[in-house]
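# Summary of the model geometry
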Amino acid sequence: MTVVFDRPKALLDVPTHYCPGCTHGVIHRLVAEVIDELGILDKTIGVAPVGCSVLAYDYFACDMYEAAHGRAPAVATGIKRAVPDSVVFTYQGDGDLAAIGTAEIIHAAARGEKITTIFVNNAIYGMTGGQMAPTTLPGQVTETSPYGRDVKTAGYPIRVAEMISTLDGAVYVERVSVDSVPNIIKAKKAIKKAFEIQLQGLGFSLVEVLSICPTNWGLSPNESVKWLRDNMIPYYPLGVKKDATTGEVK
């Protein structure tokens, strides 16, 4: 029998803790497929965050570290400098990266650290119960913004990809989404290029992935996908924000 679909070797055969409909699992698989295709499993080291994907170390077959909240880029920097031939990636959510970890991600990118960051943006704090995040949209209802995010008091959402793209040390920055099969294919292509940038020793790379959170959005998975398309993509436009290998900057 011809095998047409199988689990990537870089992904362990274990149940996950993610909620029904959560697209963290899709993103995990894309990262694992890229690791397999590039043949780098034996030298890849991942850094897990604090947040919904805190247990990422249980799912990837490569070596994994657990970082303190927001500190994954700092931990990854130490690993890469100590073991320069390794392939180091961080996997972080918006609460971890864009709130408590803002300084770490900005300075890692500014220094041009030769690491890759997979940044998952679902516009809310997931693990802690659905509080407003730095990426929560204006007017979006959360546990800590029950009347919707008021920009007069809470400010505006942070467009991380655009912010990182302004830094000279950032070589490749792209925002993708996993809301449809065509977009999932594009997301995998972006993740693969981000890892290739590191393999070529060119500098820092980041892929921001728009993701859904049905549980904390209070929607069904199908409704969540529609909400992402109708609300998140207009505010967080998809596409390459910077590619220093081609001179593209948006």
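Residues numbered from 1 in each chain as written. Predicted model: local features only at pLDDT ≥ 70, side-chain atom pairs only at ≥ 80, totals over all residues. Heavy atoms only, no water.

### Quick word on helix H1 (residues 24-38)
End to end, H1 covers 21 Å across 15 residues, agreeing with the expected 21 Å (1.5 Å per residue, within 8%). When H1 is considered as a whole, its buried residues turn out to be His 24, Ile 27, His 28, Arg 29, Leu 30, Val 31, Ala 32, Glu 33, Val 34 and Ile 35. Gly 39 sits one or two residues past H1 and shows a positive phi near 65 degrees. (Helix = DSSP H or I, 4+ residues; strand = E, 2+ residues; numbered from the N terminus. Expected span 1.5 Å × (residues − 1). Buried < 20%, exposed > 50% of the residue type's maximum accessible area, 1.4 Å probe, protein only.)

### Concerning the packing of helix H2 (residues 72-82) against helix H4 (residues 102-110)
Packed helices, taken two at a time, are described by the angle between their axes plus the distance between the axes. Between H2 and H4, whose axes approach to 7 Å, the crossing angle comes to 40 degrees. One way to sum up the angle between H2 and H4 is to call them oblique. Each of Pro 73, Ala 74 and Thr 77 in H2 lies in contact with H4, whose residues at this interface are Glu 104, Ile 105 and Ala 108. Grouping the constituent residues of the contact of H2 with H4 by class yields four nonpolar, one polar and one charged. (Axes fitted to C-alpha atoms, helices over the stretch in contact; angles between N-to-C directions. Parallel < 35°, antiparallel > 145°, perpendicular 65-115°, else oblique. Contact = heavy atoms within 4.5 Å. Nonpolar A, V, L, I, M, F, W, Y, C, P; charged D, E, K, R; others polar.)

### A word on H2
All of the buried residues along H2 are Ala 72, Pro 73, Ala 76, Thr 77, Ile 79 and Lys 80. Buried residues along H2 sit in contact with strand E1 (44-48), strand E2 (63-66), strand E3 (87-93), H4 and helix H7 (181-199).

### Describing the side chain of Asn 122
Within the secondary structure, Asn 122 sits in the loop between strand E4 (116-121) and helix H5 (151-154). Discounting residues that sit within four places of it in the chain, Asn 122 has contacts with Asp 94, Ser 211, Ile 212, Cys 213, Trp 217 and Met 232.

### Brief notes about the nonpolar core
If you look at the biggest cluster of nonpolar residues, it comprises 34 residues, and the most contacted ones within it are Val 31, Phe 60, Phe 89, Ile 118, Ile 191, Phe 195 and Val 207. Among the secondary structure elements, those contributing two or more residues to this core are H1, E3, E4, strand E5 (170-177), H7 and strand E6 (204-210). Setting aside its immediate chain neighbours within four residues, Phe 89 contacts Val 31, Ile 35, Thr 44, Ile 45, Gly 46, Val 47, Phe 60, Cys 62, Met 64, Thr 116 and Phe 195. By size, the runner-up hydrophobic cluster in this structure holds 22 residues, among which are Val 47, Ile 105, Val 160 and Leu 206. (Core = buried A, V, L, I, M, F, W, Y, C linked by side-chain atoms within 4.5 Å.)

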